[in-house]
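Here are the chains, one letter per residue:
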Amino acid sequence: MANTTNTNYGNQMLSSRIGRGFRQLMGDSSGVMTFIGLILLSLFVLMAIFAPYISPYSPVEPSGAPLLSPQWGHIMGTTNLGYDVFSRFIWGSRMALLIAVIATSIAAFIGIPTGLLVGYAGGVTDRIVTMIMDSVYTFPGLILAIAIAAMLGPGVLNISLSIAVVYIPTYYRVIRSQVSTIKSELYVEGARSIGAKNMTIIGKYILPNVLPSTIVVLSMNIADAVMTEAGLSFLGLGIPPPVPDWGYDLAKGQQFLLQNDWWMVVFPGIAIILLVLGFSMFAEGMDEYLNPNIGEKR
Amino acid sequence: MQVSTKQVLLSVENLKKYFPLKIPWTQALLKRERPTVKAIDDISFNIKKGETLGLVGESGSGKTTTGRVIIRLIEPTSGRILFDKKDISKLSKENLRRARKDFQMIFQDPMASLNPYMRIGKTVSHPLEIHKIGTPAERKEKVLSLFEKVNLIPAKEFFNRFPRQLSGGQRQRVVIARAVVTNPKFIVADEATAMLDVSVRSQILKLMIDIKEDLGLTYLFITHDLASAKYICDRIAVMYLGKIVEIAKTSDLFKEPLHPYTRILMGAVPIPDPKLKRSKIIPKGEIPSPINVPSGCRFHTRCPYATKICSEEEPELVEHQGRLVACHLFDKK
Amino acid sequence: MMALLEIKNLSIDYLTRNGTVKAVDDISFSVEARDSIGLVGESGCGKSTTGTAILGLLPPNARVSGSILFKGRDLLKISNEELRKVRGKDISMIFQDPMTSLDPIMRIRDHFFELLRAHYPKMDENEMKKISSEALKSVGIEPSRLNNYPFEFSGGMRQRTMIALAIALQPSMLIADEPTTSLDVVIQEQILEVLRDLKKTKNMSMVLITHDLGVVAELVNKVVVMYAGHLAESGDVYSIYEKPLHPYTKALLESIPNVKLEDRELRYIPGSLPDLKNPPKGCRYWPRCPYVKDICKRETPPTVEVDGRKVKCWLYGGEINAGIDKTSSAVS
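This structure is a prediction, so every number in the text was calculated from the model and none was measured. Every residue gets a number counted from 1 within its own chain, in the order that chain's sequence is written. Here every chain gets a letter starting at A, and every ligand a number starting at 1, in the order they are written. Local features in this predicted model are restricted to residues whose pLDDT is 70 or higher, and side-chain atom pairs enter the listing and the counts only when it is 80 or higher, whereas totals over whole chains, interfaces and linings include all residues. In computing side-chain properties, one takes all heavy atoms of the structure into account and sets aside hydrogens as well as water.

## What to know about the packing of helix H8 (residues 168-180) of chain B against helix H9 (residues 198-215) of chain B
All names here are of chain B.
- The axes are straight lines fitted to the C-alpha atoms, using for helices just the contacting stretch, and the angles between their N-to-C directions are given from 0 to 180°. Helix and strand assignments come from DSSP, with helices taken as H or I runs of at least 4 residues and strands as E runs of at least 2, each series counted from the N terminus. For the pair H8 and H9, interaxial distance at closest approach is 10 Å and the crossing angle is 15°. In this view, H8 runs roughly parallel relative to H9, as classed from their interaxial angle. Between H8 and H9 lies a crossing of right-handed hand. Counted together, Gly-169, Gln-172, Arg-173, Ile-176 and Val-180 of H8 and Val-200, Gln-203, Ile-204, Leu-207, Met-208, Ile-211 and Leu-215 of H9 form the full contact between these two elements.
- Nonpolar residues are Ala, Val, Leu, Ile, Met, Phe, Trp, Tyr, Cys and Pro. Charged residues are Asp, Glu, Lys and Arg, and all others, Gly as well, are polar. Looking at the contact of H8 with H9 residue by residue, the class counts come to eight nonpolar, three polar and one charged. Angles are sorted into four bins: roughly parallel if under 35 degrees, roughly antiparallel if over 145, roughly perpendicular if 65 to 115, and oblique for all others. The hand of a helix crossing depends on one turn: near helix anticlockwise from the far one by less than a right angle means left-handed, and clockwise means right-handed. Note on definitions: a residue-residue contact is assigned when non-hydrogen atoms from the two residues lie within 4.5 Å.

Structure, rendered in structure tokens:
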């Protein structure tokens, strides 16, 4: 079969655990799961793209009295500064997706080629690089991101970078372990026997075979990046206000929770949960779809 | 024709392949000599142009390693591999890569030897691309005509299929097509029919014979199946524990196997005839580990004819009645 | 007299995501006490599925119909607990791969003890030791090796151990699924010798599942030939090898390379095995059959008896061809 290597994407990624839980819950209907995930994702993506057109107010200017509870005109209420929570809900998806995508791209861009090359080369290089990657991997993700973010200072690119560093080892590990199995496959030996260059072998015989699992890691990773980003802004290490950001809103809203102004916390929280869920379900569904060796008997 | 058949295409001289064993470094410090697996232990043979030499033996005999070392998918420990009078074992990496279009390999498992993500048309034309032979249009034409030759018809339809859409027999046809697409002179076929179903096995064997005649190929046919070897091989070399124990013409070998091991191997093949009740010599035990090779003749631990000399002195591969055999029974000294 | 095992109209389908696989389609045969029968066919013919069905070990996506009568009891109808008691004690099975069938962290004796305890919870250790030693001895392994771990055994010895485990409780039937396929010829010969010996000394019938017609010829007295889920032909081994009735059996026998025969001409069956998700209509062999007629493509042939053998082919019987004399010459 095409991809029978049992991939473990690591338990470090919370999203992977969420997704797996859902898979158990839904049983065999992975198609439904992928579909729901996809719908959630497209909703958020559309929201991010068309934010200027669908948000009723500007997210960075007061649009009513402060701390209005959800009501007609402000369906999610207003913040302590009188910003419309619904508008910030919509605009927040931009920041969340943007940073998650940039961070994940950086991580993939570094992690995948490193995994490919090192896995293929093997030997001492492999042992050294794997040791470095493993030591990063064992570090608690959020704490590492906090440290780097504090060092680099605020800014979209800096935040992305600090999140990316956390996830490079994830790619590296998944890709490397797959490459080291695939490189001993007969078709790779076959490629060598027809005189293919190493780069050709990596590009045409190994990469296509690890790509499916890369897609899975990628979408799981974005989900985790969304959470990490929210975590960073929650701690005040993210994008400086007043740029709409769910993590920041969550932190702000927390201060007013005691006086029963729940809407400032609940809505950004729901946004984060739904987006993460969307990516996780999509990833897990894809995983099952791309590894069709479940329930099949030869 | 007469002249060309006598020409030697491949000549293997004193080939050895020892795999060092992995041991903990604490032990490595204490031991002067690292233990090795002697997969191939000093073998020599020739293959003439247009000939098919069978390499027969049990698993652990070193036959598969031999096939891979000859086309240098594995580096030999020592010895010479003269292909068309050039020593393959001395070629630089780049020269070896270029030379690969002249010798190809057919693998045992047709399920595993094709890239699952590459369409089979591309798989077969890839060697041409790698060696920069022809234009894209010419390559495609060549592949299509090859598909017809190996009976993957309609060729145009097969061209765009993926391996998973093919049956085992069809995949092996693809593997064969890929092996011959660069017009090689020599092909190592490693258990090419072992994984196939009985009714398909003979088909593929026939295809290999036909394509060999067609393209003037030379084969090294590695197999554990003496019955299949009988149909395709001109000569057969029997391997045991890294050594060749007998080389003979196929007809001679089947008429009268000389080496006791060959006899046992031949007697062990089940014959599809329930009436035949053979008296069989069933040897004791199993093939010993190639780490601790028995002294003297390697087969003496299992040989029903073993005498004292067999455990002391290693018999050489000597000529006996026009064939080569390594056994003290036939050693005139 | 009732047969020891009687399989009647057994059909097995596998439900998969990509459709239903008709692995076994309406087969019937019986095994008498002390019979040894060979269930022969190529991959996907349903021989292993049939074997696993007898022991009730089919995967959950299998759908079974028909009946499997063992000593008069329908194994398809009894509870799992009863079936568990049958396994190992009345019917036992050995599998193809001796390398993975033994638990690497259990000593050989623990394998035996586990089996014995499962069936006789009160048996004391001495008794268990005695039985295990006996079983090992009967397959040619020193009883002293009971304390070894599986990794200390070679492939051949592991398969012997599997056989010893299978016969330890003196079952009345042994099912051997490709017992020698992953072994070298010389080791295969040794294992066949063990099986031959057991057949003689133990009062046991045997079902040998294999693709190797050579192995079958050495070991069994009755043969069931299967093709793509259908039972092509069944009968005693001598007459089938001498004069195969079904065109598939004939072609298969001709196409196997034979070390003994002088002639070096290769015969083969054209075409390839059918896809069981979408098998050909009518007789499943017709796309490869040289004797194909129109009716073969339309209707599944009935199973008829010819010369004491059963064959499923339109060449024999049916409305279009009643005369046996005429037809048996058609194939030869």
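Continuing now.
## Considering helix H5 (residues 120-130) of chain B
- Of all eleven residues in H5 of chain B, nine are buried; the element is thus mostly enclosed.
- Throughout, exposure labels follow a simple rule: accessible area from a 1.4 Å probe, protein chains only, divided by the maximum for the residue type, with under 20% read as buried, over 50% as exposed, and the rest as partly exposed. All of the buried residues along H5 of chain B are Ile-120, Gly-121, Thr-123, Val-124, Ser-125, His-126, Pro-127, Leu-128 and Ile-130 of chain B.
- Buried residues in H5 of chain B make contact with helix H9 (198-234) of chain A together with helix H4 (93-99), helix H6 (136-149), helix H7 (155-159) and H8 of chain B.
- Looking one or two residues past H5 of chain B, Lys-132 of chain B carries a phi angle of roughly 50°, positive in sign.

## What about the confidence of the model for chain B?
- pLDDT runs from 0 to 100 and stands for how confident the predictor is about each residue. Scored by pLDDT, chain B has a mean of 88; 95% of the residues are at 70 or more.
- Across residues 1-5 of chain B, confidence stays below pLDDT 50; counting only partners more than four residues off in sequence or on other chains, it has three contacts.

## Some remarks on the sheet that holds strand E2 (residues 36-48) of chain B
Residue and element names in this part refer to chain B.
- At least two DSSP bridges between two strands are needed for those strands to be called paired. Taken in spatial order, the four strands of this open sheet run E2-E1-E4-E5, and their pairing is antiparallel. Since the sheet does not close on itself, it has two edges, and those belong to E2 and strand E5 (86-87), each with one partner.
- Summarising the sheet, strand E1 (residues 8-20) and strand E4 (residues 78-83) pair through five bridges and their orientation is antiparallel. If you follow Glu-13 over to E4, its bridge partner there is Arg-80.

## Notes on a nonpolar patch on the surface
All names here are of chain A.
- Patch membership requires over 30% relative accessible area and the absence of a salt bridge. Like charges are linked within 9 Å, and nonpolar side chains (Val, Leu, Ile, Met, Phe, Trp, Tyr) within 5 Å. The protein chains shown are the only cover counted for residues, whose accessible areas, like all others here, come from Shrake-Rupley with a 1.4 Å probe. For this analysis, a salt bridge means a side-chain nitrogen from Lys or Arg found within 4 Å of a carboxyl oxygen belonging to Asp or Glu. Taken together, the side chains of Val-45, Leu-46, Ile-49, Phe-50, Tyr-53 and Ile-54 make up a nonpolar region of the molecular surface, amounting to roughly 610 Å² of accessible area.
- Of all the secondary structure elements, the ones that give two or more residues to the nonpolar patch are helix H2 (30-49) and helix H3 (51-54).
- With three residues, H2 is the largest single contributor of residues to the nonpolar patch.
- Structurally, the position occupied by Ile-54 is in helix H3.

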